[in-house]
Amino acid sequence: TIETIIVDAAGIIYVAAKAGLAVSIDQGKSYFINTKAYKSENIDHIWLAVEKTGIVYLGINYYTQGGLNIESRIISSKDAGKTFVSVVGWKGSEITALAAGQAESLLVGTRDSGFSISNDAGKTFVSKKGALGISSSFFGGVPDVNDFAVGASGTIYIATWNDGLFVSKDGGQTFVHK
């Protein structure tokens, strides 16, 4: 099952599937398939993000304990998906969104703790649990981040499950509800 697809600024195509990551450097004429990047069993969902410096991030949710719980992890690659390492700073809950921002910037949305930002390629994360300035009726009062987009100027757009769109023009310090 294909989970997500991204084409980076250099034209490299990344296709994340439960069976592995497919990468094409020739506009889709051929693909390298990495089946060892992550374990393929018990995957709930995969998120893919590529930043301008070429770092590829995969956020993966795995079912654990017979499907009763979800464990998440983030891995990154600096060689177009050939090899991956764990993003050591991520200790969060179920991932709901993933986006690459400016150089070495990574945004991670979660089911129950809002979202977090890393500005050092995932070595450390800063929780932005209350940054949206609202309380949601879902998931313990924290808006559930459904998707991110980061504009060329660094503007961050956050779509939430039930609370609408939020925009930040200062790197995620403050947000305006749209």
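Now for a look at the structure at hand. (Residues numbered from 1 in each chain as written. Predicted model: local features only at pLDDT ≥ 70, side-chain atom pairs only at ≥ 80, totals over all residues. Heavy atoms only, no water.)

### Quick notes on the environment of Ser153
Here is step 1 of the chain: Secondary-structure assignment places Ser153 in the loop between strand 13 (145–150) and strand 14 (156–160).
Here is step 2 of the chain: The exposure class of Ser153 is exposed, given its relative accessible area of 65%.
Here is step 3 of the chain: A distance of 3.1 Å separates polar atoms of two side chains, one belonging to Ser153 and the other to Thr155. (Helix = DSSP H or I, 4+ residues; strand = E, 2+ residues; numbered from the N terminus. Buried < 20%, exposed > 50% of the residue type's maximum accessible area, 1.4 Å probe, protein only. Polar contact = N/O pair within 3.5 Å; in protein donor to acceptor, adjacent residues only side chain to side chain.)

### Some thoughts on the sheet that holds strand 4 (residues 32–34)
Here is step 1 of the chain: Taking strand neighbours across the sheet as the criterion, the four strands line up as 1-2-3-4 in an open arrangement whose pairing is antiparallel. Each of the sheet's edge strands pairs with one partner strand only, and the pair in question is strand 1 (2–7) and strand 4. On average, each strand axis in the sheet is inclined to that of its neighbour by 15°, with strand direction left out of account.
Here is step 2 of the chain: When strand 1 meets strand 2 (residues 13–17), the two strands line up antiparallel, connected through five bridges. Looking at strand 2, one finds that Ile5 is bridged to Val15. (Pairing = 2+ DSSP bridges. Axes fitted to C-alpha atoms, helices over the stretch in contact; angles between N-to-C directions.)

### Here we look at the sheet that holds strand 11 (residues 115–118)
Here is step 1 of the chain: With antiparallel pairing, the four strands of this open sheet are ordered in space as 9-10-11-12. Each end of this open sheet is capped by a strand with a single partner; those strands are strand 9 (95–100) and strand 12 (126–127).
Here is step 2 of the chain: Alignment of strand 11 against strand 12, held across two bridges, turns out to be antiparallel. Bridging across to strand 12, Ser116 finds its partner in Ser127.

### Let's talk about the environment of Trp161
Here is step 1 of the chain: Take Trp161: it is sitting in the loop between strand 14 and strand 15 (164–168).
Here is step 2 of the chain: On the basis of relative accessible area, Trp161 is assigned to the exposed category, the value being 54%.
Here is step 3 of the chain: Between the C-alpha atom of Trp161 and that of Arg111, which follows or precedes it by 50 residues, the distance is 9.7 Å.
Here is step 4 of the chain: With near-sequence residues (within four places) excluded, Trp161 lies in contact with Asp144 and Asn146. (Contact = heavy atoms within 4.5 Å.)

### Notes on the nonpolar core
Here is step 1 of the chain: Ranked by internal contacts, the top residues of the largest apolar core, which has 17 residues, are Tyr14, Leu21, Tyr38, Ile46, Leu58, Ile60 and Phe84.
Here is step 2 of the chain: Counting residues per element, the ones that place at least two in this core are strand 2, strand 3 (20–24), strand 5 (43–50) and strand 6 (56–64).
Here is step 3 of the chain: Counting residues in hydrophobic clusters, the runner-up holds 14 residues, among them Tyr57, Val87, Leu98 and Phe125. (Core = buried A, V, L, I, M, F, W, Y, C linked by side-chain atoms within 4.5 Å.)

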